[in-house]
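Observations on chain architecture
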Amino acid sequence: MQTRIEASVIASLSELRAIARQRTDDEQAARERARAAVLDEERAAEQARRDAEDARVKAEREARVRIEEARAAAEREARMRVEAHDEAERIRLGAELEQRRMAEEMELRRAEVAKQRPKWMIAVTACAVMVTGVLAVVAIDRARDAAASERAADVADHARLQAQAELKDAREKVDVAQRELDELSGKIDAAAKQVAEAQGAIAVRDAQEHLAAVRREKLDAQRRLAAAKAAAAKQERDGGIDLGKCANQVLCR
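Keep in mind that what you see is a predicted model, and the values were worked out from it rather than measured.

Here the structure, examined in full by the defined rule, presents 17 salt bridges. The salt bridge partner of glutamate 105 is arginine 101, with a shortest N-O separation of 2.2 Å. Here arginine 101 and glutamate 105 lie together in helix α1 (residues 2-112), a separation of four residues that amounts to about one turn. Assessed through its relative accessible area of 25%, glutamate 105 is described here as partly exposed. For arginine 101, a relative accessible area of 34% puts it in the partly exposed group. The shortest N-O distance in the salt bridge between glutamate 180 and arginine 224 comes to 2.5 Å.

Laid out in structure tokens, this is it:
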């Protein structure tokens, strides 16, 4: 009887030691998995940072090219506006001079033909009035074209400023998403450290669940960052710096 009791106690102790060893092995395996997950996360984060840096450098390079092109286009537009204004002013002054000259000639001819038949006087007067009217219409059209060009330039400036504001907002969203992703990377490091330092199966499980939750948050943040970068890139392409909307060199700078 005593022998059976001792054998039962020994068997129970063996089972307890086996359970303890199994628990220790499970905890060690959990820590190893957590360390491997941390390494994978660090590699993924490093790759994401490199990709983001490459995208930022590329976007800045493209933006500089677009700015230079926009500046050149703005200079051409400004020269064209000045030339159009000068041309309109020259035509206007020419029309005024021609009008005065015609008026003076009319006075001289009126005095010369005063002694001749009235038909000559009427014909000369009619021709002078017609020529004067034509010149006045031409001058008015030129001035109207110049005013229309200035109004179009104002509309283009307003559209460009609005597009630049939208682009600035899109870039701010990218910065916010990047900061959120960086914060979550720090939280993942802390959570992984908690997994590695956890004692007991329950503590390890809770730490692993917390690590998984933070990783899910980081994946969501990465998607938001990618969406924000895509929106900012689209805004740059569609209207961030549009050559057709740059009508003033100073504003384009």
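Take the side chain of lysine 218 next. Examined against the element boundaries, lysine 218 turns out to sit in helix α3 (residues 201-240). Polar contacts involving the side chain of lysine 218 include one to the side chain of glutamate 41, which spans 2.9 Å. Excluding its chain neighbours within four sequence positions, the residues that come into contact with lysine 218 are Glu41, Ala45, Leu181, Leu184, Ser185 and Ile188.

It is worth spelling out the side chain of glutamate 27 at this point. Secondary-structure assignment places glutamate 27 in helix α1. No salt bridge is formed by the buried glutamate 27; the nearest opposite charge belongs to arginine 31, separated by 4.1 Å. Residues in contact with glutamate 27, not counting those within four places in the same chain, are Gly200 and Ala201.

Before going further, it helps to spend a moment on the nonpolar core. With 12 residues, the main nonpolar core is built from Ala30, Ala34, Val38, Ile188, Ala191, Ala192, Val195, Ala198, Val204, Ala207, Leu211 and Val214. For this core, the secondary structure elements donating two or more residues are α1, α2 (118-197) and α3. The contact partners of valine 214, leaving out residues within four places of it in the chain, are Leu184, Lys187 and Ile188.

Quick look at the confidence of the model for the protein chain now. Of all residues in the protein chain, 79% attain a pLDDT of 70 or more, and the chain-wide mean is 76. For the stretch residues 240-253, pLDDT sits under 50, and the model shows 40 contacts to residues farther than four places along the chain or on other chains.

It is worth spelling out a nonpolar patch on the surface at this point. Together, Leu13, Leu16 and Ile19 make up a nonpolar patch on the protein surface, roughly 280 Å² of accessible area in all. By the element assignment, leucine 13 lies in helix α1. The class for leucine 13 is partly exposed, based on a relative accessible area of 40%.

So, on to the environment of valine 195. If you trace the backbone, valine 195 turns up in helix α2. Owing to a relative accessible area of 0%, valine 195 belongs among the buried residues under this scheme. Sequence separation of valine 195 and arginine 35 is 160 residues, and the distance between their C-alpha atoms is 8.5 Å. If sequence neighbours within four positions are ignored, valine 195 has contacts with Ala30, Arg31, Ala34, Ala207, Gln208 and Leu211.

The rules behind these values
Residues numbered from 1 in each chain as written. Predicted model: local features only at pLDDT ≥ 70, side-chain atom pairs only at ≥ 80, totals over all residues. Heavy atoms only, no water. Salt bridge = Lys/Arg side-chain N within 4 Å of Asp/Glu carboxyl O. Helix = DSSP H or I, 4+ residues; strand = E, 2+ residues; numbered from the N terminus. Buried < 20%, exposed > 50% of the residue type's maximum accessible area, 1.4 Å probe, protein only. Polar contact = N/O pair within 3.5 Å; in protein donor to acceptor, adjacent residues only side chain to side chain. Contact = heavy atoms within 4.5 Å. Lys, Arg positive; Asp, Glu negative; His and termini not counted. Core = buried A, V, L, I, M, F, W, Y, C linked by side-chain atoms within 4.5 Å. pLDDT = per-residue confidence, 0-100. Patch = residues over 30% accessible without salt bridge, like charges linked within 9 Å, V, L, I, M, F, W, Y side chains within 5 Å. Areas by Shrake-Rupley, 256 points an atom, 1.4 Å probe, with all protein chains shown as cover.

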